[in-house]
Amino acid sequence: MNNPEPTQAVTRSKEDVVFEARGLTKVYDMGEVQVHALRGIDLDLFRTELVVMLGPSGSGKSTLLNILGGLDTATEGTVSYLGRDLTRATQRELTEFRRYHVGFVFQFYNLIPSLTARENVAIVTEIARDPMPPEEALDLVGLSDRLDHFPSQLSGGQQQRIAIARAIAKRPAVLLCDEPTGALDSETGVVVLEAIERVNRELGTTTAVITHNITIGDMADRIIRMADGKVSEIEINNNKRPPSDLHW
Amino acid sequence: MRALERKLIRDLWYMRGMAIAIAVVIMCGVATFVMSRSTLDALTNTLRQFYSENHFAEVFSSAKRVPESVAGRIQALPDVDVVETRVVAAASLDIEGFDEPVTGKLISLPDEGDPRLNQLYIVNGRKVAPYSDDEVVVSDAFAEAHNFKPGDRIAAVVNGRRKQLTIVGMARSPEYLYQGSPDSIIPDFRRFGIVWMDRTPLASAFNMEGAFNDVSLTIVPGGSIHDVIDEVDHILEPYGGPGAYERKDQVSHFYISEEIRSLGTMATMFPVIFLAVAAFLLNVVVNRLVQTQREQIAVLKAFGYSNVQVGLHYLLLILAIVLIGVAGGLVLGIRFGQGLAGIYAEFYRFPYLEYSLPATVVLSALGVSIAAAFAGAISAVRRAASLPPAEAMRPEPPPRYRQSLVERMGLQRYLSQPTRMIIRHLGRHPIKAGFAVLGISFACGLLLMGRFFTSASDYLLDIQFNLTQRDDLTVTFVEPTSRRGLYSLESLPDVEFGEPFRAVSVKLRNENVTYRTSVQGIKPDGDLFQLLNTKLNVVEVPPEGLLLPPFLGKRLRVAPGDTLDVQVMEGRRPEYRVPVAGFIEQYIGVGTYMDIDALNRILKEGPTISGAYLAADNTVLDTVYSELKEMPRVAGVSSRLRAIQDFYDNMGANMLVFAFFYTLFAGAIAFAIVYNSARISLSERARELASLRILGFTQGEVAYILLGELALLTLIAIPIGFGIGWGLCLMVAESVQSDIIRYPFVLTRDTYAFAATIVIVSAILTGLIVRRRLFRLDLISVLKTRE
Ligand SMILES: Nc1ncnc2c1ncn2[C@@H]1O[C@H](COP(=O)(O)OP(=O)(O)O)[C@@H](O)[C@H]1O
Ligand SMILES: [Mg+2]
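Everything quoted here is computed from the prediction, not taken from an experiment.

Q: Is there a simple way to think about empty space enclosed by the protein in this case?
A: With a probe scaled to a water molecule rolled over the atoms, the places where space remains empty come into view. Residues and elements named next belong to chain B. All chains considered together, the criterion is met by twelve cavities of 30 Å³ or more. By volume, the largest cavity amounts to about 110 Å³. If you list the elements that add at least two residues to the lining of the largest cavity, you get α7 (251–291), α14 (430–468) and α19 (640–694). Residues of the lining of the largest cavity, tallied by class, amount to seven nonpolar, three polar and two charged.

Structure follows, in structure tokens:
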């Protein structure tokens, strides 16, 4: 297994580091058994870059993303965001961090079923600092014509695009997507990825996308491979392709 | 409107079924509370108002014959405010078309103007004209019983002379709202009437010119009632007064306030229990409701909503439900309260009603409901919010099911797959199941409590009629007579046989506790009147000593074997020491008993009787009545059976009216709780059940999994509810004991069956509703979105 550190050092300078994770460990205590989801992760994510995290199911991708996004806490090790230590942050600071800095896209969309597309976005923009109007965010993901539909009236792909609109509408500094195409067919998946790529390009949002689909790695600046709770390899993609070129 | 507020409204609409069920629970609790408290308030206020408007006296006394000039000495006493002297006399009344003897109490009114104390409230007709010789006003209950109209005439036999009287009006007086007496607490409106007339004719008929034999008075504010009583006694002693007493010992006031007191106990206990149970159920239900929202809470948190914001969101949701419930409860409570207060005003013959709703009642209902709901919501919100959002959003890990006890015992062969799922699910969520069971149990307990008075009353009547009171007629003589009086009764053609009794008013005392009642001397091996011990076996009346109910024993702090001071309230008012021979069971009134010979001995008299119990041919009772009426010594005849029935219709029914409403509310709570448990289960398990349908389970099998669980929980809950109800009823029976009526702690099989039936019917109805929802379960959408 090769050490990822040297590669990163040449590509980016220290000021550009958004997330810095050191020795991250996560153990789930299940009573009789302990699950080691993360076993010492060292990783940096840089400003404006789009990384794709690949790895088999159960390798710890979601766990890592959740800890980075302040949704979960590490058992050991540290994560810092723009130099601030998230592992020592209070509940309040974490809430503020999520509110103003992070956009999430979840594998199962997690929309609020009792709110329409527009309202699902609005519920986030209403508490943000400099959001775009919900309509604009939905336009970015190509859903201008579904503003007043409820989640139950939309397809999986459409729901996932609302989830993306919801995540980006506050113009977050980082966008964290957990298998955004996992439940979608290839065609819909491409539409969703295009939305993500566009946000990354136009707003300069640092973006991490989890997938177990190797093809998607082609749209990334860097590909981070995980296995068994560790980063197994980091690959710089010099041959970045737009999502529209991807097929699977 | 902000998106979060929209979510609130839509969520509320979406869960309207459950929300309404929860609101119903609160509504019932609040309605019970408001209804009871406001009714009670109305009764006490009205009573106070009526007393003050009609100048009800505060001290009462009587004497044989007092010169009017003595009134000036009473008036001159330091703390005395207003004094009113009267002439009061007993007469027998002759009413056309009514063959039985009727006793009248004639009370004088000033010849001119209203009395200064104990004024009359004219219900119908008019007042007696000044200096009228024959005009009278009669008590309205008496008038109703005989259907009198103004202008009707009755005859009074006064001192052996017959006097024709004309009824000009019907009235209520603060002195006679309740027309019982310590000897017979059972008012008999047909055979006892109050007649008011001008003083001059009454005084001349009774040789009371220039004198009085009854005085009542009020005290200046801050005056000492005890000093006044002592001084009045001192002044009246030479004139043979039995002693002055204050308002709280005045018969009508005593019984009314006793009644209102026991009604008050009931009206406090029931709603407090109801509200407490409603609060508990609310807590449980709200807790579960919030738990079903665990993922949405996590999403809100993931996007930066703080715990406080999320918490407030759910508290608002709950607040909306609570407010709907409280508002409904207030409306219902006020409506029922007004109706109920009206019914009670009738019972107590209040001429009008002062109904108002004290703000404290509304505020406490609101406060308790909100506090209970929030307590439930906060713990659930906190639990949901304390999970890291990542964890809360993960599909809930498949719960670690275990083989149930039943299966480990090797019984699974007998259980179908769905049955095993039910049992494992319950085993997996024992706390949730426990609370569901407890909720249904409480509802069942409330039902038992609501029915308790019906159950106890039925039993009480049964005992009274079939075991104690076995005579057909009770005859009372004008004054104690020799035993020969009995023989003359027995010699009447339609009388089969009779048994004598001797009744005497007494004041019982042990140390400084006193109690006014009567001692009834009866034949030890009598057939027509039997006493029962607390185990309901017939008591052999012992040759010595007093038998009394444990209720009185407790009051006087005596037990069998102790000795009591007995002061006879007749003649020279001698005092004796009498041993307590034993306790007897007694549900209505407070009376004491002893062997008639022993009583005669104590009173140092020969074989004297006050009256007799008669066994007569029931088909010719009317003939017997007219025969008795011809006998000069007979003061009154009553059918105790009928009197008890009347009493029960009036007084017993008082409790039953309240109880009826309590039962109604308990039923509504039972349904709401069962329905709620099932609905929440459904929303918790919709995905699982839809998956089973996709795997090929039939609708019936899936319904069985959910409804089988409901059935099982209900069946477990019923016996526990019986236990809870038993405890509640015991508490209630203890606390509503009064001098007038003491409900035996009896829960009949019917009562249990009733409670169980309501719970089971609720479960079946719920089952039908939930089954319909299950059948409409949208399989695809349930699997597509995880909400
Ligand atoms: N809340 C949890 N409780 C227990 N184990 C968990 C929990 N979350 C994740 N795991 C375990 O941690 C490991 C990593 O999970 P995850 O990060 O979700 O993997 P991936 O997203 O790469 O599929 C898995 O073995 C998973 O079962
Ligand atoms: Mg994952």
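Q: Can you help me understand a positive patch on the surface in this one?
A: All names here are of chain B. A surface patch of like charges, here positive, comprises R16, R772, R773 and R776. Tracing the backbone through its elements, the reader meets R16 in helix α2 (residues 16–53). Overall, R16 belongs to the partly exposed group, its relative accessible area being 35%.

Q: What is the right way to read the packing of aromatic side chains from this model?
A: The description of an aromatic ring pair uses the distance of the two centres, along with the angle that the planes make with each other. Evaluated as defined, the whole model comprises 27 aromatic pairs over all chains. Ring centres 5.6 Å apart and planes at 10° place the aromatic pair A:F104 and A:F106 in the stacked group. You'll find A:F104 and A:F106 in the same group, each marked buried. An angle of 5° between the planes, with centres 5.2 Å apart, marks the rings of B:F529 and B:Y613 as stacked. One end of the pair, B:F529, is in the loop between β14 (513–522) and β15 (546–548); the other, B:Y613, is in strand β19 (residues 608–616), and 84 residues separate them in sequence. A network of ring pairs unites the aromatic residues B:F452, B:F453, B:W726, B:Y743 and B:F745 as a single cluster.

Q: Looking at this structure, how should I read the interface of chain A and chain B?
A: Buried accessible area, meaning the area lost when the parts come together, often serves as the stated size of an interface. With 32 residues of chain A in contact, the opposing surface of chain B contributes 30 residues. Taken together, both faces of the contact between chain A and chain B bury some 2700 Å²; the carbon and sulfur share is 58%. Looking only at chain A, the three residues that lose the most surface to chain B are A:L71, A:N110 and A:E126, adding up to 18% of its buried area. For the interface between chain A and chain B, the tally reads three salt bridges. Close ionic contact of A:E119 with B:R6 constitutes a salt bridge, the shortest N to O distance being 2.9 Å. Summed over the shared surface of chain A and chain B, the result is nine residue pairs in polar contact (both at pLDDT 80 or more). Taken together, the elements giving at least two residues each to the side of chain A that touches chain B come down to α3 (91–101), α4 (117–125) and α6 (156–168) of chain A. Taken together, the residues of the side of chain A that touches chain B break down into 16 nonpolar, eight polar and eight charged.

Reading the values: rules and limits
Residues numbered from 1 in each chain as written. Chains lettered and ligands numbered in written order. Predicted model: local features only at pLDDT ≥ 70, side-chain atom pairs only at ≥ 80, totals over all residues. Heavy atoms only, no water. 1 Å grid on protein atoms, 1.4 Å probe; cavity = no way out; pocket = protein on both sides within 12 Å on 5 of 7 lines; lining within 4 Å. Points joined across faces, edges and corners; volume = space filled by probe spheres on them. Helix = DSSP H or I, 4+ residues; strand = E, 2+ residues; numbered from the N terminus. Nonpolar A, V, L, I, M, F, W, Y, C, P; charged D, E, K, R; others polar. Patch = residues over 30% accessible without salt bridge, like charges linked within 9 Å, V, L, I, M, F, W, Y side chains within 5 Å. Areas by Shrake-Rupley, 256 points an atom, 1.4 Å probe, with all protein chains shown as cover. Salt bridge = Lys/Arg side-chain N within 4 Å of Asp/Glu carboxyl O. Lys, Arg positive; Asp, Glu negative; His and termini not counted. Charge placed at Lys NZ, Arg CZ, Asp CG, Glu CD. Buried < 20%, exposed > 50% of the residue type's maximum accessible area, 1.4 Å probe, protein only. Phe/Tyr/Trp six-rings, centres within 6.5 Å; stacked < 30°, edge-to-face > 60°. Contact = heavy atoms within 4.5 Å. Buried area = accessible area lost by both parts, 1.4 Å probe. Polar contact = N/O pair within 3.5 Å; in protein donor to acceptor, adjacent residues only side chain to side chain.

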